[in-house]
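Residues per chain are reported as follows:
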Amino acid sequence: MSEPIRLTEYSHAAGCGCKIAPSVLQQILQSNEPGVPAPQLLVGNSTNDDAAVYDLGNGTALVSTTDFFAPIVDDAFDFGRIAAANAISDVYAMGGKPLLAIAVLGWPVEKLPAALAQQVLEGARAICKEANIPLAGGHSIDAPEPFFGLAVNGIVSLPHLKQNNQAQEGDWLLLTKPIGVGILATAEKRNVLLPEHQGLALQYMSQLNRLGEELGQLPGVTAMTDVTGFGLLGHLLEMAEGASLGAELYYSKLPLLDAARHYLAQRVVPDATYRNWNSYSSKVAFEPGVNVLEAFNLLPDPQTNGGLLVAVSPAQLETVQQLFAANGFEAFTEPIGRFTAGGAEKPLRVQP
């Protein structure tokens, strides 16, 4: 009897850990070429937002995004679910409602059977059905490594549009999922994941961030993003610097996957963690009492379909907390940090 195929053995990196390092990405995106004038383009390349937004002229806007990556789990169906949920998340992170998706598939047809690719698509269809959108088409190529994702279009009412650079001084920070997914995914890829930890990361990576659509309707939510390949550290810094603010992060309040600590002790850490840290470390200050070694490995840990990172005005914190509780997020109602005045040499201060 043949051994089961492990998809993670066919890629050099996994999930959002495939992302190009932030410092390298900045070089790639540099251009002296002026873009096409587009007054209707409300959100484009000038910010680090999760999706492009185009004003349709009737009080609503189109939200458009794409996201794809190499396998982060071995099961093809689950890989499709995770990749689809991760791509759709960008629309939710803008406060939008997804409308339809198009698949993006790369498959090494000489190495892996087509039946596995079919299961990847089945997983994506299952998540699209959960999000109540059609998987309406797509494109595929024969590639050296497998990869999969979606291009997703959505819609948002203009007053409900959320960006990642609109936080205000004094806003509280909430996070809707625990961090540490990248560590567990690396443990699976290295074939050292313990049986009792099987499926732990999967439950969060395949969970839709549909709460973002409801959060978009609350004026007290000033900014929002989803935590993915740059880790909590990178995406929080994008929010703070985009708004010309600083931020405090309360390390003891962070929701963590406790199982991740087991693998940290064995130095099971994604390569992308170090790339992220090298890009952001000069902007971080640790106060006495923080476990710096652990924080070094957890804060830049690349998340795949991570939680929504939400900035909330103090006056509306209780309203948002009630919405969290009503949607099953009771464990994530405590703030993990706060935005502060900008101008500091190290804009992010990590407190015990």
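For the structure itself, consult the block above.
Participant: Sorry if this is basic, but what is going on with the pairing of strand β4 (residues 97–107) here?
Facilitator: Looking along a regular strand, one sees the side chains alternate between the two faces of the sheet. Note that β4 and strand β6 (residues 147–157) share 9 bridges and pair antiparallel. Looking at β6, one finds that A101 is bridged to V152. Across 6 bridges, β4 lies against strand β5 (residues 135–142) in parallel orientation. Counterpart to W107 in the pairing with β5 is D142.

Participant: Would you mind showing me how to read the environment of S313 here?
Facilitator: In this structure, S313 sits in the loop between β11 (308–312) and α11 (317–326). Classification of S313 as buried rests on a relative accessible area of 16%. The sequence separation of S313 and R338 amounts to 25 residues, and the corresponding C-alpha distance is 9.9 Å. Dropping the residues within four chain positions of it, S313 is found in contact with D171 and G220.

Participant: Just checking my understanding: could you explain the sheet that holds β4 for this structure?
Facilitator: Pairing between sheet strands relies on hydrogen bonds along the backbone, with the strands arranged either parallel or antiparallel. Taken in spatial order, the 6 strands make up an open sheet running β1-β2-β3-β6-β4-β5, and their pairing is mixed. On the outer flanks of this sheet lie β1 (41–43) and β5, each paired with one strand and no other. Adjacent strand axes in the sheet meet at a mean angle of 20° when their direction is disregarded. Here β1 runs beside strand β2 (residues 52–55); their pairing, made up of 2 bridges, is antiparallel. In the sheet register, L41 faces β2, and the bridge partner there is Y54.

Participant: I keep staring at unusual backbone geometry and nothing clicks. Help me out?
Facilitator: Negative phi characterises most residues that are not glycine, and trans characterises most peptide bonds. Even without glycine at this site, N132 takes up a positive phi of about 65°. Along the chain, N132 turns up in the loop between α3 (114–130) and β5. At N305, a position not held by glycine, the phi torsion is positive, near 50°. In this fold, N305 is placed in the loop between α10 (292–298) and β11.

Participant: Would you take a moment to explain the nonpolar core for this structure?
Facilitator: Soluble, globular proteins show a tendency: their nonpolar side chains are buried together. I88, F148, L150 and F339 are the most contacted members of the largest nonpolar core, which totals 89 residues. Examining the composition of this core, we find that 10 residues originate from one element, helix α2 (residues 76–93), more than from any other. Grouped together as the second largest cluster of nonpolar side chains are 17 residues, A93, L174, M224 and V320 included.

Criteria and cut-off values
Throughout this document, residue positions are counted from 1 along each chain, in the order its sequence is written. Residue-level local features of this predicted model are given only where pLDDT is at least 70; pairs of side-chain atoms are given and counted only at 80 or more, and the full residue set underlies all totals for whole chains, interfaces and linings. Here the side-chain values reflect all heavy atoms present in the structure, with hydrogen atoms and water set aside. When DSSP locates at least two bridges between a pair of strands, those strands are taken to pair. Helix and strand definitions follow DSSP, with helices as H or I runs of at least four residues and strands as E runs of at least two, each counted in order from the N terminus. Only protein chains enter the accessibility calculation, which uses a 1.4 Å probe. A residue is then buried if its area is under 20% of the maximum for its type, exposed if over 50%, and partly exposed in between. Note on contacts: a residue pair is in contact if any heavy atoms of the two residues lie within 4.5 Å. Axis definition: a line fitted to C-alpha atoms, limited for helices to the stretch in contact. Angles are taken between N-to-C directions and run from 0 to 180 degrees. Take the buried residues of types Ala, Val, Leu, Ile, Met, Phe, Trp, Tyr and Cys, join any two whose side-chain atoms come within 4.5 Å, and each joined set is a nonpolar core.

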